[in-house]
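So you can see what is in the structure, the chains are spelled out below.
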Amino acid sequence: MDGMDIGDLAERILKGERRALARAITLVESGRADHRAAARELLEKLRGAGREALRIGLSGTPGVGKSTFIEAFGMMLTAQGLKVAVLAVDPSSARSGGSILGDKTRMERLSRDPNAFIRPSPAQSQLGGVARRTREAIGLCEAAGFDVILIETVGVGQSETVVAEMSDLFLLLLAPAGGDELQGVKRGIMETADIILINKADGDLKATATRTCADYAGALRLLRKRPQDPQGFPKALTVSALEEEGLQKAWDEMQALTEWRRETGHFAARRAGQARFWFESEVREGLLARLRREPVKGAMTALAHQVEEGGISAAAAADELLETYLGETPGA
């Protein structure tokens, strides 16, 4: 990484060179201060390229067949002449190796496709760091000319919210199930989803998948109408990644929803809101990083001991620290 020509790297990315893209993503994943500075310079050079991909967030419970779906869906898109990138947001990757990191070997066809690019998430446990690297990787993939970027998350909870703040569309992939499983899907995730896909709609599970789809469609109708949705959205559909059934219909629905949002201004407004969200996130991360440095770290440790011993309240200690190092009283 040392001594690299950022201008040359930017030009090679704009030409769509995969090796340059992989090198750039490694750069943005680095935590070294000089690498962070180089990454910012590179991203600024590429920002004016004006290239835009459709960013699709994807989540699903373990065993739902995400890797099979990603490969089948990605292969369908590349067959239509589209360039597809697959990225991961996996806060558990330091422990488990990551979903795509483990499944990449199973996506043999897609990983060999010249119009596809698969990148596992960096191996670290802090979600904020993983999210920042993934967001910057999205920008690099867009600059490299990819048409569709699939952003995959594992697990449930905070990572879904983070991926939704990077995506233009958010898909929830679920397996055929009964009423108990329907109750187990968190309302917050249901409200985030634009399209719910019931996978494994084939063989003995086809009838179950159809009933499950109807159940979710009914549940979606009970949710409050969102201004960014046209009539009929969000919706539930059945797909079979194994038999590659229903994938084109799902893609048609994604395109229809995207086109409606573009025409009504919701697409641009969402991108603008996401930019603001990430700006505020960077400010928070930067402030926290500064508070972890010396001599602030020493003052924090001393005040923390006082809080532990009951000598000062947590709120008063925080106010004292922030007033000392930010130069004003919080809330003033």
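See the structure above.
Residues numbered from 1 in each chain as written. Predicted model: local features only at pLDDT ≥ 70, side-chain atom pairs only at ≥ 80, totals over all residues. Heavy atoms only, no water.

As for the sheet that holds strand β2 (residues 84–89)
Within a sheet, neighbouring strands are paired by backbone hydrogen bonds and run either parallel or antiparallel to one another. The parallel open sheet is built from 7 strands, whose spatial order is β3-β2-β4-β1-β5-β6-β7. Either end of the sheet is taken by a strand with one partner, and the two such strands are β3 (116–119) and β7 (235–238). Direction aside, the axes of adjacent strands within the sheet are offset by 20 degrees on average. Relative to strand β4 (residues 148–153), strand β1 (residues 54–60) runs parallel, the two being bridged by 6 bridges. Bridge pairing in β4 places serine 59 opposite threonine 153. Across the sheet, helix α12 (residues 206–221) touches β5 (169–174), β6 (195–198) and β7, and the angle it forms with β7 is around 175 degrees. (Pairing = 2+ DSSP bridges. Helix = DSSP H or I, 4+ residues; strand = E, 2+ residues; numbered from the N terminus. Axes fitted to C-alpha atoms, helices over the stretch in contact; angles between N-to-C directions. Contact = heavy atoms within 4.5 Å.)

Looking at the nonpolar core
Of all hydrophobic cores here, the largest spans 49 residues; its most connected members are Ile13, Leu42, Leu140, Cys141 and Ile196. Counting only domains with at least three residues in this core, you end up with domain 1 (1–48) and domain 2 (51–263). If near-sequence neighbours (up to four positions away) are discounted, leucine 42 is found in contact with Ile6, Leu9, Ala10, Ile13, Ala24, Leu27 and Leu140. (Core = buried A, V, L, I, M, F, W, Y, C linked by side-chain atoms within 4.5 Å. Buried < 20%, exposed > 50% of the residue type's maximum accessible area, 1.4 Å probe, protein only. Domains from an automatic or database assignment.)

Observations concerning the pattern of salt bridges
Under the defined criterion, the tally for this structure stands at 22 salt bridges. Put simply, arginine 109 and glutamate 244 hold a salt bridge, and the shortest N to O gap is 3.4 Å. Taken as a pair, arginine 109 in helix α7 (residues 108–112) and glutamate 244 in the loop between β7 and α13 (247–264) lie far apart in primary sequence, 135 residues in all. Ionic pairing is found between aspartate 194 and arginine 261, a salt bridge with its closest N-O pair at 2.7 Å. With aspartate 194 in the loop between α11 (187–192) and β6 and arginine 261 in helix α13, this pair connects stretches of sequence that are 67 residues apart. When sorted by exposure, aspartate 194 lands in the same class as arginine 261, which is buried. Beyond isolated ion pairs, a larger network of salt bridges with shared partners links Glu52, Arg55, Glu142, Asp168, Arg262 and Arg271. (Salt bridge = Lys/Arg side-chain N within 4 Å of Asp/Glu carboxyl O.)

Thoughts on a nonpolar patch on the surface
Together, Phe279, Val283, Leu287 and Leu326 make up a nonpolar patch on the protein surface, roughly 380 Å² of accessible area in all. In terms of residue count, the dominant contributor to the nonpolar patch is helix α14 (residues 266–291) (3 residues). Mapped onto the secondary structure, valine 283 falls in helix α14. Of the residues examined, valine 283 reaches a relative accessible area of 38% and is grouped as partly exposed. (Patch = residues over 30% accessible without salt bridge, like charges linked within 9 Å, V, L, I, M, F, W, Y side chains within 5 Å. Areas by Shrake-Rupley, 256 points an atom, 1.4 Å probe, with all protein chains shown as cover.)

Here we look at the packing of helix α1 (residues 6–14) against helix α3 (residues 33–47)
Two elements in contact, α1 and α3, have axes whose closest approach is 10 Å; the angle formed by their N-to-C orientations is 45 degrees. Taken together, the axes of α1 and α3 are oblique relative to one another. In the packing of α1 onto α3, the handedness of the crossing is right-handed. Contacts from Ile6, Gly7, Leu9, Ala10, Ile13 and Leu14 in α1 reach Ala38, Glu41, Leu42, Lys45 and Leu46 in α3. Among the residues making up the contact of α1 with α3, the classes are represented as 8 nonpolar, 1 polar and 2 charged. (Parallel < 35°, antiparallel > 145°, perpendicular 65-115°, else oblique. Left-handed = near helix turned anticlockwise from the far one by under 90°. Nonpolar A, V, L, I, M, F, W, Y, C, P; charged D, E, K, R; others polar.)

Focus: α1
Taken together, the buried positions of α1 are occupied by Ile6, Leu9, Ala10, Arg12 and Ile13. Across the axial projection of α1, the buried residues extend over an arc of 165 degrees, all falling on one side. Two to three positions downstream of the cap, the backbone nitrogen of glycine 7 sits 3.0 Å from a side-chain oxygen, assigning the N-cap of α1 to aspartate 5. (Arc of directions from axis to C-beta. Polar contact = N/O pair within 3.5 Å; in protein donor to acceptor, adjacent residues only side chain to side chain.)

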